[in-house]
Amino acid sequence: MIETLNTEQTKSSDTRNAKLRLFEHGIKHQIFGAKWLSTVRLFLYGLTTIIILPFQLLALLTCLPLSISIPVLHHKLVTKIIGLKIDRVGDISGDKKVLFVSNHLSYLDIIILGSLIPGRFIAKSEVANWPIFGFLSKITRTIFIRRDRKASHDQVRLIKEQLDRCEKLILFPEGTSSDGRRVLPFKSPLFDAAMLTNSIVQPITIRYTHLNGIPVGYSSRSLFGWYGDMDLRPHLWNALSLGIFTIEVVFHEPIRADQFSNRKKLAVYCQKTVAKGL
């Protein structure tokens, strides 16, 4: 009986290992065997951006509402081009002034949330100087902030002014990207702006769930997650060659900032809410 049990356990282990090897082989084949896909996708991305760019520049000069909706259209088109299949869970807050706060795994998060929310991203000031992406961030009205304590008061005032104008803002309060296994502690200073304006705050959880229909495990998170000291260009090139990513975006229940006595409690609540969605 013991031998039978051991045999069954061995068979089960062999089956799991075989499935893992099959999955890893599939991933390797996708990474090294579909470089043409990266080329096609980059070409179509560039072409789409070049076509839409003049309309966005004109909208910035003449019609503010249109300058908000054009980036959403651009991001929606890009999700189709680069193979991002988005499953939205929950409703997006319809309030006029909202601070959306989300976990952050990759540069792909920008495209994902940008295709769903007609709002402005809040990014670190270094992004403004990035080649190509810095320029695109500027024309989509990204708000750039400095990450030092001395400038904290000015940054809060800047975000407060935008919320007072009934802007929808998108923030990654972890301050950096991670591998997605957990949610890093949220940095709380900018939550002050939501409290000062009594804005709605809506936590969001982003989960990359499948690659070409195969569930994504922890070992393959580096295929889409961009974190640590990874180089952007080779990572982007590989990511564009992989096929179709399925991403679940959970919009949690919106809350009003004045429900909390201080910004730190608000930040902790949002961080825990986002973590529950992983």
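Owing to the predicted nature of the structure, the values given are computational and were not obtained by experimental measurement. (Residues numbered from 1 in each chain as written. Predicted model: local features only at pLDDT ≥ 70, side-chain atom pairs only at ≥ 80, totals over all residues. Heavy atoms only, no water.)

## Focus: the pairing of strand β3 (residues 120-124)
Link 1 in the chain: For β3, a buried count of 4 out of 5 residues is recorded, marking the element as mostly surrounded by other parts of the structure.
Link 2 in the chain: Bridge count for β3 against strand β5 (residues 168-171) is 2 bridges, and the pairing is parallel. In the sheet register, F121 faces β5, and the bridge partner there is I170.
Link 3 in the chain: Strand direction decides the pairing type here: β3 and strand β4 (residues 143-145), joined by 3 bridges, are parallel. Its bridge partner being in β4, A123 is matched across the sheet by F144.
Link 4 in the chain: Following the chain from β3 across helix α5 (residues 133-139) to the adjacent parallel β4, one finds a crossover that is right-handed. (Buried < 20%, exposed > 50% of the residue type's maximum accessible area, 1.4 Å probe, protein only. Helix = DSSP H or I, 4+ residues; strand = E, 2+ residues; numbered from the N terminus. Pairing = 2+ DSSP bridges. Right-handed = clockwise from strand over helix to strand, strands pointing away.)

## What to know about unusual backbone geometry
Link 1 in the chain: For R141, which is not glycine, the phi dihedral falls at a positive 65°.
Link 2 in the chain: Along the chain, R141 turns up in the loop between α5 and β4.
Link 3 in the chain: Positive phi is not limited to glycine here, since N212 has a value of about 55°.
Link 4 in the chain: Overall, the relative accessible area of 33% leaves N212 in the partly exposed class.

## Here's the deal with the packing of helix α2 (residues 35-62) against helix α8 (residues 232-239)
Link 1 in the chain: Packing of α2 against α8 brings their axes to within 8 Å, and their N-to-C directions diverge by 100°. Comparing their axes, α8 and α2 come out roughly perpendicular. Of α8, the residues touching α2 (which contributes K35, S38, T39, R41 and L42) are W237, N238 and A239.
Link 2 in the chain: The class makeup of the residues in the contact of α2 with α8 is 3 nonpolar, 3 polar and 2 charged. (Axes fitted to C-alpha atoms, helices over the stretch in contact; angles between N-to-C directions. Parallel < 35°, antiparallel > 145°, perpendicular 65-115°, else oblique. Contact = heavy atoms within 4.5 Å. Nonpolar A, V, L, I, M, F, W, Y, C, P; charged D, E, K, R; others polar.)

## A word on the confidence of the model for the protein chain
Link 1 in the chain: For the protein chain, per-residue confidence averages 87 on the pLDDT scale, and residues scoring 70 or more make up 88% of the total.
Link 2 in the chain: A low-confidence stretch, residues 1-33 (pLDDT under 50), is modelled with 15 contacts involving residues beyond four sequence positions or located in other chains. (pLDDT = per-residue confidence, 0-100.)

## With respect to the packing of aromatic side chains
Link 1 in the chain: Evaluated as defined, the whole model comprises 9 aromatic pairs.
Link 2 in the chain: With centroids separated by 4.4 Å and ring planes inclined at 10°, the aromatic side chains of Y208 and F224 adopt a geometry described as stacked. With Y208 in strand β6 (residues 200-211) and F224 in the loop between β7 (214-215) and α8, the pair connects residues that are 16 residues apart, well separated along the chain. Accessibility classification places Y208 together with F224 in one group, the buried group.
Link 3 in the chain: When the ring of F224 is compared with that of F245, the centres are 5.8 Å apart and the planes differ by 80°; the resulting orientation is edge-to-face. Of this pair, F224 sits in the loop between β7 and α8 while F245 sits in strand β8 (residues 245-251), and the two are 21 residues apart along the sequence. Each of the two residues, F224 as well as F245, counts as buried.
Link 4 in the chain: The structure contains a cluster of three or more aromatic residues connected by ring pairs, namely Y107, W130 and W226. (Phe/Tyr/Trp six-rings, centres within 6.5 Å; stacked < 30°, edge-to-face > 60°.)

## Some remarks on the packing of α2 against helix α3 (residues 64-82)
Link 1 in the chain: At a minimum axis distance of 8 Å, the contact between α2 and α3 shows a crossing angle of 175°. Relative to α3, the element α2 lies roughly antiparallel. In this structure, α2 uses R41, L44, Y45, T48, T49, I52, F55, Q56, A59, L60 and T62 to contact α3, whose residues at the interface are L64, L66, S67, I70, P71, H74, L77, V78, I81 and I82.
Link 2 in the chain: Counted by class, the contact of α2 with α3 contains 14 nonpolar, 6 polar and 1 charged residues.

## Describing α8
Residues spaced three or four apart along an α-helix face the same direction, because each turn holds 3.6 residues.
Link 1 in the chain: Within the sequence span of α8, burial applies to H235, L236 and A239. Along the axis of α8, the buried residues cluster in a sector spanning 100°; they form a single face. (Arc of directions from axis to C-beta.)

## Some words on the pattern of salt bridges
Link 1 in the chain: Applying the stated criterion across every chain yields a total of 8 salt bridges.
Link 2 in the chain: Among the charged side chains, a network of salt bridges with common partners joins R120, R141 and E167. (Salt bridge = Lys/Arg side-chain N within 4 Å of Asp/Glu carboxyl O.)

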